[in-house]
Amino acid sequence: MKAVFGIVGLGVMGKSLSRNMASKGFRLALFNRYVQDKEEAVAENFIREFPELEDALGFEDLASFAQSLERPRKILLMVQAGSATDQTIDALRPYLEAGDILIDGGNAFFKDTESRISDLKEAGIHFMGTGVSGGEAGALNGPSIMPGGDAAAYEKISPFLEQIAAKDINGKPCCTYIGSGGSGHFVKMVHNGIEYAEMQLIAELYALLRWGTQLNPDEIADIFEPWLSGPANSYLLEITVSILRKTEGETFLIDLILDQAANKGTGSWTSIVASDLGVAIPTITAALFARFQSAFKAERVQYASQFPMHPEMLEVDVKELLDAYQLARFLNHQQGFVLMQQAAIQFEWQLNLSELARIWTNGCIIRSQMMRDISHVFSESQLLLAHPLAWHTLDAGKEALLALVGKGLAAQIPLPCFSASANYMLMAFQEDSSANLIQAQRDFFGAHTYQRVDDPSGKKYHTNW
Ligand code: 6PG
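Summarised in this report is the structure supplied together with it. (Residues numbered from 1 in each chain as written. Predicted model: local features only at pLDDT ≥ 70, side-chain atom pairs only at ≥ 80, totals over all residues. Heavy atoms only, no water.)

A word on the site of the ligand. Taken together, the neighbourhood of the ligand is formed by 13 residues, with Ser133, Lys188, Glu195, Tyr196 and Lys264 sitting nearest. Note that an oxygen atom of the ligand is positioned 3.0 Å from one of the side-chain N or O atoms of asparagine 192. A distance of 2.5 Å separates an oxygen atom of the ligand from a polar atom in the side chain of tyrosine 196. If the ligand stood free it would expose 420 Å²; the protein chains cover 79% of that surface. For the shell around the ligand, the leading source of residues is helix H8 (residues 183-212), giving five residues. (Near = heavy atom within 4 Å. Polar contact = N/O pair within 3.5 Å; in protein donor to acceptor, adjacent residues only side chain to side chain. Areas by Shrake-Rupley, 256 points an atom, 1.4 Å probe, with all protein chains shown as cover. Helix = DSSP H or I, 4+ residues; strand = E, 2+ residues; numbered from the N terminus.)

What follows is the structure, encoded as structure tokens:
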């Protein structure tokens, strides 16, 4: 009997997704490459280890793997993004036929996905760039899945993906067809951008409390934990509470972790693409730059010894902290969603943002109560900031956000994401800005011209300054 679904690449994510899918009763073909002394009989050993895989077939040669699959073949690639993905596609290519469907579940750059789609199109092979979020536990118990590419090909793979996906509060799968081309990987990239800022905002709250009020990590967790029962509930806040409570002997584990944040590139892509599309995502970019700057540890240590900036004690009101945090988060989401809206226009994707937010309400790293609210907003309006929910969040958080940023900076505690959100808010709601002065300067030194407020025709003027 042939297998109904194939998985290539048995790393952590590939293995967890395989177990998830096998536990739903699908007969799988599993492939892992052979690397002498390093990766030998990986699929076979893996199948032996878990009872749910007893029907699965294990391979380390691609010809037999492809042969074992029912046609059209449906194959999920769980290999490293970049050249490893291209090598895997090239190696598989001779064994594929028209109608077969390759699903790339890695964090690929959406433009690479689009080239792969067009490279394989001639042979009638469908390539589905598919965002998968939720880490190892998500992959095993139900990730959020963002498939993009050919809509008809999606119909053939949806029974598999929707079965293994997390379920939302109404029991619907957190998997939906995103759109054509590289849209699936695009939205996953933006998901990660929002993720960076969600993480950094929590890190900044932690910094304020740790250095501004001298609370220890456990006491900070005591402040965050009750928030989990209200509108600020999120997976990232939840894991932060656990992280802050973790000790090693007498020491908080957080104090033993080197303060240099790494990244694998998706946050940079988000910022680069936003610049290409002319969309301001300052909170997300601030989170990315905070990671970059943290990496210069040696320099920080040297500068601090020469010119110390000591955090000062500050008065923190927990309610103010929460309101400011919620508003800063809301503005972070606003930036990510506007980026997707602009991409949809530019690349002619029919993105359904309400549905997209819905599949991010469970399974993925940025799942939260706020995401549920945002899904609701987009079912009624396409302008997040023009919705009553935004006004409510702004009403509750505006003063708090501005006060927090002011106090925090005065106390010499860096707040890149909170500050970026505060500035974003002020600029987004500013009827008259100082951009006219920029236009005048451009015209002065470069005759770049400007438009006049007393001439609505849009005519370009130049002044001999
Ligand atoms: C997810 C995560 C996942 C991953 C990123 C983190 O949605 O499951 O976003 O894709 O954890 O690789 O990226 P950085 O290494 O850049 O923080």
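A word on the sheet that holds strand S4 (residues 74-77). Ordered by their spatial adjacency, seven strands build an open sheet running S3-S2-S1-S4-S5-S6-S7, and the pairing between neighbours is mixed. Every other strand in the sheet has two partners, leaving strand S3 (57-59) and strand S7 (144-148) as the edge strands with one partner each. Neighbour to neighbour, the strand axes of the sheet diverge by 20° on average, direction disregarded. Bridge count for strand S1 (residues 5-8) against strand S2 (residues 28-31) is four bridges, and the pairing is parallel. By the bridge assignment, valine 8 is partnered in S2 with phenylalanine 31. On top of the sheet, H8 reaches strand S5 (101-104), strand S6 (126-133) and S7; it is set at about 20° to S6, its chief contact. (Pairing = 2+ DSSP bridges. Axes fitted to C-alpha atoms, helices over the stretch in contact; angles between N-to-C directions. Contact = heavy atoms within 4.5 Å.)

Now for the pattern of salt bridges. For the structure on display, the rule yields 20 salt bridges. With its nearest N and O atoms 2.8 Å apart, the salt bridge here joins lysine 407 to glutamate 320. One end of the pair, lysine 407, is in helix H17 (residues 388-410); the other, glutamate 320, is in helix H14 (residues 318-347), with 87 residues separating them in the sequence. Among the residues examined, glutamate 320 registers a relative accessible area of 17% and is labelled buried. One network of salt bridges, in which partners are shared, links Arg71, Arg73, Glu97 and Asp100. (Salt bridge = Lys/Arg side-chain N within 4 Å of Asp/Glu carboxyl O. Buried < 20%, exposed > 50% of the residue type's maximum accessible area, 1.4 Å probe, protein only.)

The next thing to look at is the nonpolar core. Among the nonpolar cores identified, the biggest contains 85 residues, and Phe186, Phe224, Phe337, Met340, Trp360, Leu401 and Phe418 are the most heavily contacted of them. Sorting elements by how many residues they give to this core places H8 first, with 14 residues. Phenylalanine 337 has contacts with Ile194, Leu353, Ala357, Trp360, Met371, Ile374 and Phe378, leaving out every residue within four places of it along the chain. Ranked by size, the runner-up nonpolar core spans 32 residues in total, among them Ile145, Ala153, Ile157 and Ile164. (Core = buried A, V, L, I, M, F, W, Y, C linked by side-chain atoms within 4.5 Å.)

Inspection of every chain in the model, using the stated rule, returns 23 aromatic pairs. Relative to phenylalanine 65, the ring of phenylalanine 31 lies with its centre 5.8 Å away and its plane at 50°, an arrangement referred to as tilted. Here the residue phenylalanine 31 occupies a position in strand S2, and phenylalanine 65 occupies one in helix H3 (residues 62-67), the gap between them amounting to 34 residues. Here phenylalanine 31 matches phenylalanine 65 in class, with each residue buried. Consider the rings of phenylalanine 59 and phenylalanine 65, whose centres lie 6.1 Å apart with planes at 70°: the pair is edge-to-face. Here phenylalanine 59 matches phenylalanine 65 in class, with each residue buried. Site record: aromatic cluster; members linked through ring pairs are Phe109, Phe110, Phe186, Trp269, Phe347 and Trp349. Note that arginine 291 overlies the ring of tyrosine 196, its terminal NZ or CZ placed 3.6 Å from the centroid. (Phe/Tyr/Trp six-rings, centres within 6.5 Å; stacked < 30°, edge-to-face > 60°. Lys NZ or Arg CZ within 6 Å of the ring centre and 35° of its normal.)

At the junction of arginine 71 and proline 72, the peptide bond is cis and its omega measures out at -5° in the coordinates. With respect to the element layout, proline 72 can be found in the loop between H3 and S4. We note that glutamine 214 has phi near 65°; this positive angle belongs to a residue other than glycine. Locating glutamine 214 in the fold gives a position in the loop between H8 and helix H9 (217-224).

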